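Descriptive structure summary
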Amino acid sequence: MAAAVRHREFPVHYQPIIELETGRCIGAEALVRWRRPDGTMVRPDEFIPLAETSGLIMPITDQVIERVVSDLNQMLVADRSLHVAINLCAEDISTGRFLPVLAAALDHTGIWPEQILLEATERGFVDVEGARRTLIEARRIGHGTAIDDFGTGYSSLQYLQTLPLNALKIDKSFVDTIGKVTATSSVTNHIIDMAKALNLLVVAEGVERQDQADYLNERGVELAQGWLFAKPLPADDFIAFHKQCQQRLGPAPIRVKDGLRRPAAGRGAEGPAAPATHP
Ligand code: C2E
Ligand code: CA
Ligand code: CA
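Just so it is clear, the model here is predicted, and its values are computed rather than measured.

For the rest of this paragraph, the subject is the overall build of the protein. Helix and strand content of the protein: 11 helices and 10 strands. The buried share of the protein, taken over its 279 residues, is 51%. Taking as baseline every contact in the protein between residues at least 6 positions apart, the subset at least 24 positions apart corresponds to 68%. Surface accessibility of the protein: about 12,600 Å² in total, with carbon and sulfur atoms responsible for 54%.

This is the structure in structure tokens:
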């Protein structure tokens, strides 16, 4: 895999993130792939664990950051209502190592830090103090922060309350239980209620059916991603998907939503960066 890193064999696909109430595409999650020299695509579940134990995940994260910027720079500057979510490994969350890398990549691009959402799984919060430092700094810069795969790993409600998080992503395993009577179907409701109580934006993952989307929307879940809307797409296809959405539904308003977006008032697309407005 070290050779794959040297040869930069890691393209990024983008899964649209949809505003449930309107159906608008308001962003994407960047999902890395490994394209081997013979053209076969390896899914991240098959190489991320290995990359994490070998430490190669960090240069991979850096390459993902570069790709996101080169793939979507134009689009993000042209449409300020859009954000891109980037997945980070536990070590990056506990050390904050990637923050200067991200800052350098965004420098002179015109992309607002607010348009980049950082996703960390619960494994990233094992070192709570390290994670806290990283998230505080990320938010000072202007990035949004999200807890990923919530409910599937090491979890403490105590830290959820004290960490500077903007969003909570409900894992697909919980979304799968919607419409079924199982022990975990009530957990889904509790997670939504808890996220609301903590004033976190909720993103549901792995939405495959319309009845799941309807249910989540009724329960006040703002955002969702899943095959119902779109699979992860190569950059060009994602850009086309977003364009189609805009033509059908009109442009999305630029709103400050828990640090994900900036206010439109008085801001031109090329306007100077205003200080971040976070609670
Ligand atoms: P994740 O962060 O939970 O990403 C969501 C995964 O769910 C993606 O798998 C996506 O393709 C899949 N998915 C989305 N909607 C649906 C659906 O409706 N049905 C089903 N069955 N699956 C759906 P993917 O792309 O294979 O990524 C797997 C995991 O690999 C990610 O899970 C994330 O933990 C990790 N990963 C991906 N890219 C990166 C990266 O750049 N850095 C790091 N550290 N991890 C990454
Ligand atoms: Ca994720
Ligand atoms: Ca997830």
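Of all hydrophobic cores here, the largest spans 74 residues; its most connected members are Y14, F125 and L168. By residue number, the principal contributor to this core is helix α3 (residues 57-78), which donates 10 residues. Judged by nonpolar contacts, the second largest core, of 10 residues, contains I17, L117, V203 and L223.

Counted according to the given criterion, the structure contains 15 salt bridges. A salt bridge links R43 to D45, with the nearest nitrogen and oxygen atoms 3.5 Å apart. What makes D45 exposed here is its relative accessible area of 60%. Where R97 meets D92, a salt bridge forms, and the shortest distance between an N and an O atom there is 2.8 Å. The exposure class of D92 is buried, given its relative accessible area of 0%. Beyond isolated ion pairs, a larger network of salt bridges with shared partners links E29, E119, K169 and E205.

Let us look at the packing of α3 against helix α5 (residues 98-106). Geometry of a packed helix pair, given as the angle between the helix axes and the separation of the axes. Following both chains from N to C, one finds α3 and α5 inclined at 20°, their axes separated by 10 Å at the closest point. Classified by the angle between their axes, α3 and α5 sit roughly parallel to one another. Every pair of crossing elements has a handedness; the one defined by α3 and α5 is right-handed. Across from D62, I65 and V69 in α3, the residues of α5 making contact are V101, L102, A105 and L106. Across the contact of α3 with α5, the residue classes tally to 6 nonpolar, no polar and 1 charged.

For the rest of this paragraph, the subject is the packing of α3 against helix α11 (residues 235-249). Where α3 contacts α11, the two axes come as close as 10 Å, and the packing angle between them is 15°. By the angle between their directions, the pair α3 and α11 is classed as roughly parallel. Seen along the crossing, α3 lies across α11 with a hand that is right-handed. Contacts between α3 and α11 involve D71, L72 and M75 from the former and A235, F238, I239 and H242 from the latter.

Near ligand 1, the surroundings consist of 24 residues, among which Q15, R33, R43, E208 and W227 are the closest. The side chain of R33 places a nitrogen or oxygen atom 2.8 Å from an oxygen atom of ligand 1. With respect to ligand 1, the backbone of W227 contributes an N or O atom lying 2.8 Å from an oxygen atom. Compared with its free state, where it exposes 800 Å², ligand 1 has 86% of that area covered by protein. Mapping ligand 1 onto the cavity grids shows that it belongs to the largest pocket. Elements with a minimum of two residues in the shell around ligand 1: β2 (25-32), α2 (44-54), α3, β5 (83-88) and β7 (144-150).

Let us now look at the environment of R139. In this structure, R139 sits in helix α6 (residues 128-141). Linking R139 and L117, residues 22 residues apart in sequence, is a C-alpha distance of 9.8 Å.

Let us look at the coordination of the calcium ion (ligand 2). At 2.2 to 2.3 Å from the calcium ion (ligand 2) lie its protein donor atoms, namely E29 (OE), N87 (OD1), E119 (OE) and D148 (OD). Between the calcium ion (ligand 2) and the calcium ion (ligand 3), a spacing of 3.9 Å is present, and a bridge between the two is formed by D148. In this pair, E29 sits in strand β2 while N87 sits in strand β5, placing the two residues 58 residues apart along the sequence. Here E29 falls in the buried class, since its relative accessible area comes to 4%.

In this section: the confidence of the model for the protein. With 89% of its residues at a pLDDT of at least 70, the protein reaches an overall mean of 89. Across residues 261-279, where pLDDT falls below 50, the model places 36 contacts with residues more than four positions away in sequence or in other chains.

Inspection of every chain in the model, using the stated rule, returns 1 cavity of 30 Å³ or more. Reported here for the largest cavity is a volume of approximately 40 Å³. Every residue along the wall of the largest cavity is listed here: R24, C25, D79, S81, H242, C245, Q246, G250 and A252. At 3 residues, the largest contribution of residues to the lining of the largest cavity is made by α11. Partitioned by chemical class, the residues of the lining of the largest cavity number 3 nonpolar, 4 polar and 2 charged.

Parameters and conventions
- Residues numbered from 1 in each chain as written.
- Chains lettered and ligands numbered in written order.
- Predicted model: local features only at pLDDT ≥ 70, side-chain atom pairs only at ≥ 80, totals over all residues.
- Heavy atoms only, no water.
- Helix = DSSP H or I, 4+ residues; strand = E, 2+ residues; numbered from the N terminus.
- Buried < 20%, exposed > 50% of the residue type's maximum accessible area, 1.4 Å probe, protein only.
- Contact = heavy atoms within 4.5 Å.
- Areas by Shrake-Rupley, 256 points an atom, 1.4 Å probe, with all protein chains shown as cover.
- Core = buried A, V, L, I, M, F, W, Y, C linked by side-chain atoms within 4.5 Å.
- Salt bridge = Lys/Arg side-chain N within 4 Å of Asp/Glu carboxyl O.
- Axes fitted to C-alpha atoms, helices over the stretch in contact; angles between N-to-C directions.
- Parallel < 35°, antiparallel > 145°, perpendicular 65-115°, else oblique.
- Left-handed = near helix turned anticlockwise from the far one by under 90°.
- Nonpolar A, V, L, I, M, F, W, Y, C, P; charged D, E, K, R; others polar.
- Near = heavy atom within 4 Å.
- Polar contact = N/O pair within 3.5 Å; in protein donor to acceptor, adjacent residues only side chain to side chain.
- 1 Å grid on protein atoms, 1.4 Å probe; cavity = no way out; pocket = protein on both sides within 12 Å on 5 of 7 lines; lining within 4 Å.
- Sits in = over half its atoms within 2 Å of the grid points.
- Donors = N, O, S within 2.8 Å, 3.2 Å for Na, K, Ca; no water.
- pLDDT = per-residue confidence, 0-100.
- Points joined across faces, edges and corners; volume = space filled by probe spheres on them.

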